[in-house]
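Residue strings, one per chain:
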Amino acid sequence: MASEDVKPSESAVSKIVNLAEEAKLARARESVVKTPNYAILSICKSLVAGGVAGGVSRTAVAPLERLKILLQVQNPHNIKYNGTIQGLKYIWRTEGLRGLFKGNGTNCARIIPNSAVKFFSYEEASKAILLLYQRQTGNDDAQLTPLLRLGAGACAGIIAMSATYPMDMVRGRLTVQTEKSPYQYRGMFHALSTVLREEGPRALYKGWLPSVIGVIPYVGLNFAVYESLKDWLIKTRPFGLIQDSDLNVPTRLACGAAAGTVGQTVAYPLDVIRRRMQMVGWSNAASVITGDGRSKAPLEYTGMIDAFRKTVRHEGFGALYKGLVPNSVKVVPSIAIAFVAYETVKDILGVEIRISD
């Protein structure tokens with residue numbers, strides 16, 4: 001009789017446990033499967049955060065960005081810009097405040113979509129790579145390694161750079177125009193239409209190959225170093241710098257600065273070659289490129305290897321690092337500001353930013 005009384009009670013407990021488990025699974029499914037509207041909103045917020053990060057960071061360092069390009073492409077027989085301080089003073093004296101920010105409007109028009117696509121692509125690529133890695137290892141708790149983050153960053157950089165490359169090409173030409181240059185280009189859209197008409201569609205992708213090769217270590221290392229350094233600081237908490245599970249703004253800036261320094265040092269020579277290849281075919285090139293010395297016109301390059309060979313032969317190996325100093329001064333705050341602005345905007349918009357957990 002006692003055993004018969006126990007069976008109904010066990011059955012009732014079993015039903016309650018089953019119901020609880022089903023409710024738990026239902027909540028888990030709800031947290032994973034989002035409605036299409038939620039997914040679209042999340043994508044839009046991520047793109048907005050990336051765009052804001054790019055616009056803010058590039059505007060903050062626009063004078064150094066312009067000086068870097070002028071140093072990269074100027075004629076070696078007619079040196080006008082000789083160093084960071086002298087170069088900035090020369091631009092200020094000859095062109096004023098507007099000269100320091102020349103080309104920044106076009107740069108922002110390029111970098112805002114570029115940055116939006118880059119950050120969004122990195123998050124999506126990271127999620128996909130992490131899922132494949134977890135399936136391959138059979139460990140659902142596996143985390144992204146620095147090498148996997150490098151791969152995700154490289155994918156993001158290639159996608160973003162390819163999507164906006166024509167704007168980068170015309171931005172380079174607009175940037176090197178000076179007050180003494182024949183103003184062939186009146187603005188971004190005029191430059192795009194002029195290049196298409198006079199040089200053809202392929203001209204908009206001059207220098208694309210060294211850009212692709214350069215973006216792999218540059219963007220890849222930026223993301224890999226930044227995310228890995230953040231994780232290391234949170235886990236080890238060295239010297240008592242980290243008090244909780246999140247990093248403060250100064251620490252994020254330091255992580256971004258380290259990431260930018262590593263990435264730009266490795267990829268810089270390819271950036272110089274890319275910029276020089278973009279100037280080839282410009283029939284009315286600015287005086288800073290053509291010069292007034294022995295060489296009246298910029299060298300013609302048949303390809304990336306030819307550009308490397310001629311640059312080193314005519315100007316020495318050091319020419320591959322022309323503009324490195326202002327770029328180093330620029331890239332550290334630029335990358336740092338970009339990462340911090342991105343995470344801050346996403347926090348404000350209420351989007352989850354941790355993709356490596």
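Keep in mind the model is a prediction, meaning the values are calculated, not measured. (Residues numbered from 1 in each chain as written. Predicted model: local features only at pLDDT ≥ 70, side-chain atom pairs only at ≥ 80, totals over all residues. Heavy atoms only, no water.)

1. Describing the nonpolar core
Logical step 1: Ranked by size, the top nonpolar core spans 30 residues in total, and within it Tyr81, Val170, Val176, Trp282, Val288 and Ile289 carry the most contacts.
Logical step 2: Elements supplying a minimum of two residues to this core: helix H3 (62-73), helix H4 (84-100), helix H6 (146-176), helix H7 (188-199) and helix H10 (287-290).
Logical step 3: Per-element accounting of this core gives the leading share, seven residues, to H6.
Logical step 4: Counting 22 residues, the second largest nonpolar core, distinct from the first, contains Val219, Phe223, Ile234 and Phe339. (Core = buried A, V, L, I, M, F, W, Y, C linked by side-chain atoms within 4.5 Å. Buried < 20%, exposed > 50% of the residue type's maximum accessible area, 1.4 Å probe, protein only. Helix = DSSP H or I, 4+ residues; strand = E, 2+ residues; numbered from the N terminus.)

2. Section: H4
Logical step 1: The first and last C-alpha atoms of H4 sit only 12 Å apart over 17 residues, clearly below the 24 Å expected at 1.5 Å per residue.
Logical step 2: Remark: the principal bend of H4, roughly 105°, maps to Thr94.
Logical step 3: Here H4 has its buried residues at Thr84, Gly87, Tyr90, Ile91, Glu95, Gly99 and Leu100. (Expected span 1.5 Å × (residues − 1). Bend = angle between axes of the 7 residues up to and from the residue.)

3. Quick notes on the confidence of the model for the chain
Logical step 1: Across the chain, the average pLDDT comes to 78, with 80% of residues at 70 or higher.
Logical step 2: When the criterion is pLDDT under 50, residues 1-7 qualifies, and its contacts beyond four places in sequence or with other chains add up to zero contacts.
Logical step 3: Confidence over residues 352-357 falls short of pLDDT 50; this stretch has 20 contacts with residues more than four positions distant or in other chains. (pLDDT = per-residue confidence, 0-100. Contact = heavy atoms within 4.5 Å.)

4. Details of the packing of aromatic side chains
Logical step 1: If you walk through the whole model with that rule in mind, you get ten aromatic pairs.
Logical step 2: Their ring planes at 15° and their centres at 3.9 Å tell us that Tyr122 and Phe223 sit as a pair that is stacked. Placement of the pair is Tyr122 in helix H5 (residues 104-137) and Phe223 in helix H8 (residues 208-236), with a sequence separation of 101 residues. The two residues Tyr122 and Phe223 agree in class, both being buried. (Phe/Tyr/Trp six-rings, centres within 6.5 Å; stacked < 30°, edge-to-face > 60°.)

5. A closer look at the packing of H6 against helix H9 (residues 249-279)
Logical step 1: One can describe the packing of H6 onto H9 by two numbers: an axis separation of 10 Å at closest approach and a directional angle of 80°. With respect to each other, H6 and H9 are oriented roughly perpendicular. From H6, Tyr165, Asp168, Met169, Arg171, Gly172, Arg173 and Val176 reach across to H9, where they touch Arg274, Arg275, Gln278 and Met279.
Logical step 2: Residue composition of the contact of H6 with H9, grouped by class: four nonpolar, two polar and five charged. (Axes fitted to C-alpha atoms, helices over the stretch in contact; angles between N-to-C directions. Parallel < 35°, antiparallel > 145°, perpendicular 65-115°, else oblique. Nonpolar A, V, L, I, M, F, W, Y, C, P; charged D, E, K, R; others polar.)

6. Considering the environment of Gly54
Logical step 1: Its place among the elements puts Gly54 in helix H2 (residues 36-60).
Logical step 2: Between the C-alpha atoms of Gly54 and Phe119, which are 65 residues apart in sequence, the distance is 9.7 Å.
Logical step 3: Excluding residues that lie within four positions of it along the chain, Gly54 makes contacts with Ile111 and Ser115.

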